[in-house]
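Residue-level structural notes
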Amino acid sequence: MAEEKESTSIPLSQAENGGVDPEDPAKSPPSSPNSSTRKACCFVLQSWVSKKFMTGCVVLFPVAVTFFITWWFIQFVDGFFSPLYERLGIDIFGLGFITSLLFVFFVGVFVSSWMGAAVFSVGEWVIKRMPFVRHLYSASKQISAAISPDQNTTAFKEVAIIRHPRVGEYAFGFITSTVTLQRENEDEELCSVFVPTNHLYIGDIFLVNSKDIIRPNLSIREGIEIIVSGGMTMPQVISPQERFVRQKERIPLSRMM
């Protein structure tokens, strides 16, 4: 009698589920077509919502970053002269920003004169004698000299493309100076090309024959934007300056014909 009771006994969990084991797929009842359709619709809706959400993030991210950086820059520049106006009892947002822009303009005018250049050279001499500040100043001056409208001897001359580090690979750089290598047969003109390796203030210097340098139709600012952005602002087509000049010379001839 005890054996018959053991064989006919059913676990409590199976009794609540109608005698069906949920862990056994063979004994579980088949899912209805409505539930599978509902799951497919939920999956499609979820993927569509996530895709549209990511599209919104991709569109709004550069706008938010641009707005944040612009707003931070305005507040940062405005903070130089706004405390002065607050002491005078003038509370107008943006007045310190305009004053800062005018201050920078007049500094540029002052430094362009011989007296301003003398004062600036004295201040630069003092900064270069400081232990840690001189390295930051040298790196910052290199970047500012590269984009300076006054093309002095320390500024980048033009954008260059050289074959580096292996055959078939190219690297962006900036021509900083030229040097003549004297040989027994003939002199060779070499260009000093600065190839940045860490943004713009750290890099390697290569002496490359001027004939082996590709000079693209890119300005200094465009070259800096390409390097700083990690190549994301790279134009789709790059042509040497010689070919670019030839194409510009052919345009009037085609129009005349």
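Provided above is the structure to which this section pertains.
Residues numbered from 1 in each chain as written. Predicted model: local features only at pLDDT ≥ 70, side-chain atom pairs only at ≥ 80, totals over all residues. Heavy atoms only, no water.

**Regarding the pairing of strand β1 (residues 158-163)**
Pairing of β1 with strand β2 (residues 170-181), which is carried by six bridges, proceeds in the antiparallel orientation. Bridging across to β2, I162 finds its partner in A171. Between β1 and β2, which pair antiparallel and follow one another directly, the connecting turn spans six residues, one of which, G168, has a positive phi of 95°. (Pairing = 2+ DSSP bridges. Helix = DSSP H or I, 4+ residues; strand = E, 2+ residues; numbered from the N terminus.)

**Some thoughts on the state of the cysteines**
Counted under the stated rule, the structure contains zero disulfides. C42 carries a free sulfur, and the closest cysteine sulfur to it, the one in C41, is 7.0 Å from it. For C42, a relative accessible area of 47% corresponds to the partly exposed category. (Disulfide = S-S within 2.5 Å. Buried < 20%, exposed > 50% of the residue type's maximum accessible area, 1.4 Å probe, protein only.)

**Here we look at helix α4 (residues 95-112)**
Taking 1.5 Å per residue as the helical rise, α4 with its 18 residues ought to reach 26 Å, and the 26 Å between its terminal C-alpha atoms agrees with that figure. Here α4 has its buried residues at G96, F97, T99 and S100. Taken down its axis, α4 places every buried residue within 155° of arc, on the same side. Summarising the geometry of α4, the exposed residues directed more than 90 degrees from the buried face are F105, F106 and S112. (Expected span 1.5 Å × (residues − 1). Arc of directions from axis to C-beta.)

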